[in-house]
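Structural characterization, general
Below, each chain spelled out in residue letters.
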Amino acid sequence: MKKIFAILLMLGVTLTFAQEKPKAELNKDGDLTVATYYHDNGAVEQQGTFNKEGELHGVWTSYDQHGNKVTVGNYVNNKKVGKWLFWSDNKLKEVNYEDSKVASVSEWTDKVQVAVSN
């Protein structure tokens, strides 16, 4: 009986803490749905929009758990298009997409260029 009580208590505490921080927020903005997803620590993980068909559409931005930008890119009807930027350590990668396929890749390690872009 004590084990069952202990398990129920732990489950209740876990559910209480899980409900404190939202994992996702969805808000309508005309034909778009604005989505914000969160890391476990409450920091924003991703932000972007879906079209009325539920496809990724528009600019999406991803962040690490400390709030630093990791990725910025654009979707059109669920396809990656245009220039996407990826930051990691002291590098910035620029990937150009055409119809969700990589068209070109550039990489910078100059700290000034990376800092300005971030």
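Before reading further, recall that the structure is shown in the block above.
Quick caveat: nothing in here was measured; it's all calculated off a predicted structure.

The next thing to look at is the pairing of strand β2 (residues 32-38). When a strand is regular, its side chains alternate between the sheet's two faces. In this structure, strand β1 (residues 24-29) lies alongside β2, joined through six bridges in antiparallel fashion. Bridged to Asn 27 within β2 is Val 34. Where β2 lies against strand β3 (residues 44-50), six bridges are found, and the strand directions are antiparallel. Paired with Val 34 across the two strands is Thr 49, which belongs to β3.

Turning our eyes to something else, we now look at the sheet that holds strand β8 (residues 101-108). Strands sit in the order β1-β2-β3-β4-β5-β6-β7-β8 across an open sheet of eight strands; the sheet is antiparallel. At either end of the open sheet lies a strand with only one pairing partner, and these are β1 and β8. On average, each strand axis in the sheet is inclined to that of its neighbour by 10 degrees, with strand direction left out of account. In this structure, strand β5 (residues 69-76) lies alongside strand β6 (residues 79-88), joined through five bridges in antiparallel fashion. Note that in β6 the partner of Val 76 across the bridge is Lys 79.

For the structure on display, the rule yields five aromatic pairs. Seen in terms of ring centroids, Trp 84 and Phe 86 are 6.2 Å apart; in terms of plane orientation they differ by 20 degrees. Their pairing is stacked. Taking relative accessible area as the criterion, Phe 86 reaches 26% and is therefore assigned partly exposed. Feature note: the residues Tyr 75, Trp 84, Phe 86 and Tyr 97 constitute an aromatic cluster, connected by ring pairs. When the ring centre of Trp 84 is taken as reference, the NZ or CZ atom of Lys 80 above it lies at 5.1 Å.

So, on to the environment of Tyr 38. Residue position: Tyr 38 is located in strand β2. Judged by its relative accessible area of 15%, Tyr 38 is buried. Between the C-alpha atom of Tyr 38 and that of Ala 24, which follows or precedes it by 14 residues, the distance is 6.1 Å. Looking at Tyr 38, its side chain comes within polar contact range of the side chain of Glu 25, at 3.2 Å.

Right, let's talk about the nonpolar core for a bit. Core analysis: the largest hydrophobic core is formed by seven residues, namely Ala 35, Phe 50, Trp 60, Tyr 75, Trp 84, Val 95 and Tyr 97. Filtering out sequence-adjacent residues up to four positions away, Val 95 remains in contact with Gly 82, Lys 83, Trp 84, Phe 86, Val 102, Ser 104 and Val 105.

By the secondary structure assignment, Ser 100 is in the loop between β7 (91-98) and β8. The spatial distance from the C-alpha of Ser 100 to the C-alpha of Gly 82 is 9.1 Å, given a sequence separation of 18 residues. One polar contact links the side chain of Ser 100 to the main-chain amide nitrogen of Lys 80, over a distance of 2.8 Å.

Following the sequence through the fold, Asp 31 ends up in the loop between β1 and β2. For Asp 31, a relative accessible area of 53% corresponds to the exposed category. Leaving out residues up to four positions away in the same chain, Asp 31 has contacts with Phe 50, Asn 51 and Lys 52.

How each quantity is defined
Residues numbered from 1 in each chain as written. Predicted model: local features only at pLDDT ≥ 70, side-chain atom pairs only at ≥ 80, totals over all residues. Heavy atoms only, no water. Pairing = 2+ DSSP bridges. Helix = DSSP H or I, 4+ residues; strand = E, 2+ residues; numbered from the N terminus. Axes fitted to C-alpha atoms, helices over the stretch in contact; angles between N-to-C directions. Phe/Tyr/Trp six-rings, centres within 6.5 Å; stacked < 30°, edge-to-face > 60°. Buried < 20%, exposed > 50% of the residue type's maximum accessible area, 1.4 Å probe, protein only. Lys NZ or Arg CZ within 6 Å of the ring centre and 35° of its normal. Polar contact = N/O pair within 3.5 Å; in protein donor to acceptor, adjacent residues only side chain to side chain. Core = buried A, V, L, I, M, F, W, Y, C linked by side-chain atoms within 4.5 Å. Contact = heavy atoms within 4.5 Å.

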